[in-house]
Amino acid sequence: MAKMMGPRFKLSRRLGLNVCGHPKAAKRMTKGTARSDKKLTEYGKQLLEKQRLRAYYGVLERQFVNLFKEAKKSKEQTGPALVQFLERRLDNLTYRMGFASSIRQARQMVTHGHIYVNGKKLNIPSYRCNAGDVIELSPRGRKTDLFKENYETNFVTSYPYISKQEGFKATLVSLPNREDIPVEIEDQLIVEFYSKNM
């Protein structure tokens, strides 16, 4: 399975955004280290926003392009629809619900079979969850101290579209609205980027 690897903190500094979610990632973000600190052309700004969103969710270019095409065909506005599709990925929701301390760890948990959706084991990180889906730790995962500690300590932010339950479970109660998704991205720039380059 192809995935984005490489130094996360360095990527965060270059993109000028904490794309890995680690509290120490922004520690060395000083003026002049990010690409956004330099004078960028319109194309440069669009490319930067696209790279930021891709890095935030850890998605490769081909997957990202396919999601963009799907978002373009949806009834919603393309930009918000794209972000919503990414937010509904199983690896991302595993992270948001507090089972993992990062999206990378969440992806590994999913591929190793530690996550169940509606009572069934799913090992596809890109699986798109729907409203009403119940996501939970597998019986094997509940015996792992790291996962238990994650669930008890990592859910620091409440999201209106997620409901946490007892017994290492959480529910996607509704489809996320764009304003509720904590990603600092200008969606329209990504739409403009692909409109010119597809």
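Here the structure is shown first, and the text comes after it.
Given the structure is predicted, the values throughout are model-derived calculations rather than measurements.

Asks: Quick question: what am I supposed to make of the overall build of the chain here?
Replies: Helices and strands together make up the secondary structure of the chain, namely nine helices and five strands. Going from N to C terminus, the chain has its helices and strands arranged as α-α-α-α-α-α-β-β-β-α-α-β-β-α. Within the chain, the fraction of its 198 residues that count as buried is 46%. Sequence-distant contacts, at least 24 apart, represent 57% of the contacts inside the chain between residues at least 6 apart. Accessible area for the chain stands at about 10,700 Å²; split by element, carbon and sulfur atoms hold 49% of it.

Asks: What am I meant to see in helix α8 (residues 145-153) here?
Replies: Side chains that are three or four residues apart share a direction in an α-helix, a result of its 3.6 residues per turn. By the burial criterion, the buried members of α8 are Phe-147, Asn-150 and Tyr-151. Along the axis of α8, the buried residues cluster in a sector spanning 95 degrees; they form a single face. In α8, the exposed residues that point more than 90 degrees away from the buried face are Asp-145 and Glu-152. On the buried face of α8, the contacting elements are α6 (103-111), β3 (134-137), α7 (139-142), β4 (162-165) and β5 (169-172).

Asks: Just checking my understanding: could you explain helix α3 (residues 61-73) for this structure?
Replies: Here α3 spans 19 Å end to end across 13 residues, near enough to the 18 Å set by a 1.5 Å rise per residue. For α3, every residue scored as buried is listed here: Phe-64, Val-65, Leu-67, Phe-68 and Ala-71. All buried residues of α3 project into a common sector of 165 degrees when viewed along the axis, lining one side. Away from the buried face of α3 by more than 90 degrees, exposed residues Arg-62 and Lys-73 are located.

Asks: Would you take a moment to explain the packing of aromatic side chains for this structure?
Replies: Two aromatic rings are characterised by how far apart their centres lie and by the angle between their planes. All told, the structure shown has eight aromatic pairs when counted by the stated rule. Centroid distance Phe-64 to Tyr-194: 6.0 Å. Interplanar angle 40 degrees. Geometry classified as tilted. Of this pair, Phe-64 sits in helix α3 while Tyr-194 is found in helix α9 (residues 187-197), placing the two residues 130 residues apart along the sequence. Classification of Tyr-194 by relative accessible area gives buried; the value is 3%. Among the aromatic residues, those joined into a ring-pair cluster are Tyr-43, Phe-64, Phe-68, Phe-193 and Tyr-194. Taking the ring centre of Phe-85 as reference, the NZ or CZ of Arg-128 above it sits at 4.1 Å. The cationic tip of Lys-164 hangs over the ring face of Tyr-151; the distance from NZ or CZ to the ring centre is 4.2 Å.

Asks: Help me understand the side chain of Thr-94, please; the structure alone is not making it clear to me.
Replies: Looking at the secondary structure, you find Thr-94 in helix α5 (residues 90-96). Those residues in contact with Thr-94 that lie beyond four places of it in its chain are Phe-99, Ala-100, Ala-106, Met-109, Val-110 and Ile-115.

Asks: Even after reading the chapter, I still don't get the pairing of β5, so can you show me in this structure?
Replies: In summary, the side chains of a regular strand alternate between the two faces of the sheet. Sheet topology places β3 next to β5; three bridges connect them, and they run antiparallel. Within the sheet, the bridge partner assigned to Ile-135 lies in β5 and is Ala-170. What sits between β4 and β5 in their antiparallel hairpin is a turn of three residues, with Gly-167 showing a positive phi close to 80 degrees.

Asks: Would you mind going over the nonpolar core with me for this structure?
Replies: Nonpolar side chains in soluble globular proteins tend to be buried together. Membership of the largest hydrophobic core comes to 46 residues, with the highest contact counts inside it found for Leu-53, Tyr-57, Leu-82, Phe-99 and Ile-135. If sequence neighbours within four positions are ignored, Tyr-57 has contacts with Val-83, Leu-86, Glu-87, Asn-92, Arg-96, Ile-103, Arg-107, Ile-181 and Val-183.

Asks: Would you mind showing me how to read unusual backbone geometry here?
Replies: A negative phi angle is the norm for most residues apart from glycine, just as the trans form is the norm for most peptide bonds. Unlike most non-glycine residues, Asn-118 shows phi in positive territory, near 55 degrees. Within the secondary structure layout, Asn-118 lies in the loop between β1 (115-117) and β2 (120-121). Unusually for a residue other than glycine, Phe-168 sits at a positive phi of about 55 degrees. Its location among the elements puts Phe-168 in the loop between β4 and β5. Residue classification places Phe-168 among the buried residues on the basis of a relative accessible area of 18%.

Each value, and the rule that gives it
Residues numbered from 1 in each chain as written. Predicted model: local features only at pLDDT ≥ 70, side-chain atom pairs only at ≥ 80, totals over all residues. Heavy atoms only, no water. Helix = DSSP H or I, 4+ residues; strand = E, 2+ residues; numbered from the N terminus. Buried < 20%, exposed > 50% of the residue type's maximum accessible area, 1.4 Å probe, protein only. Contact = heavy atoms within 4.5 Å. Areas by Shrake-Rupley, 256 points an atom, 1.4 Å probe, with all protein chains shown as cover. Arc of directions from axis to C-beta. Expected span 1.5 Å × (residues − 1). Phe/Tyr/Trp six-rings, centres within 6.5 Å; stacked < 30°, edge-to-face > 60°. Lys NZ or Arg CZ within 6 Å of the ring centre and 35° of its normal. Pairing = 2+ DSSP bridges. Core = buried A, V, L, I, M, F, W, Y, C linked by side-chain atoms within 4.5 Å.

So far we have only geometry, and geometry alone does not tell us how the molecule works.
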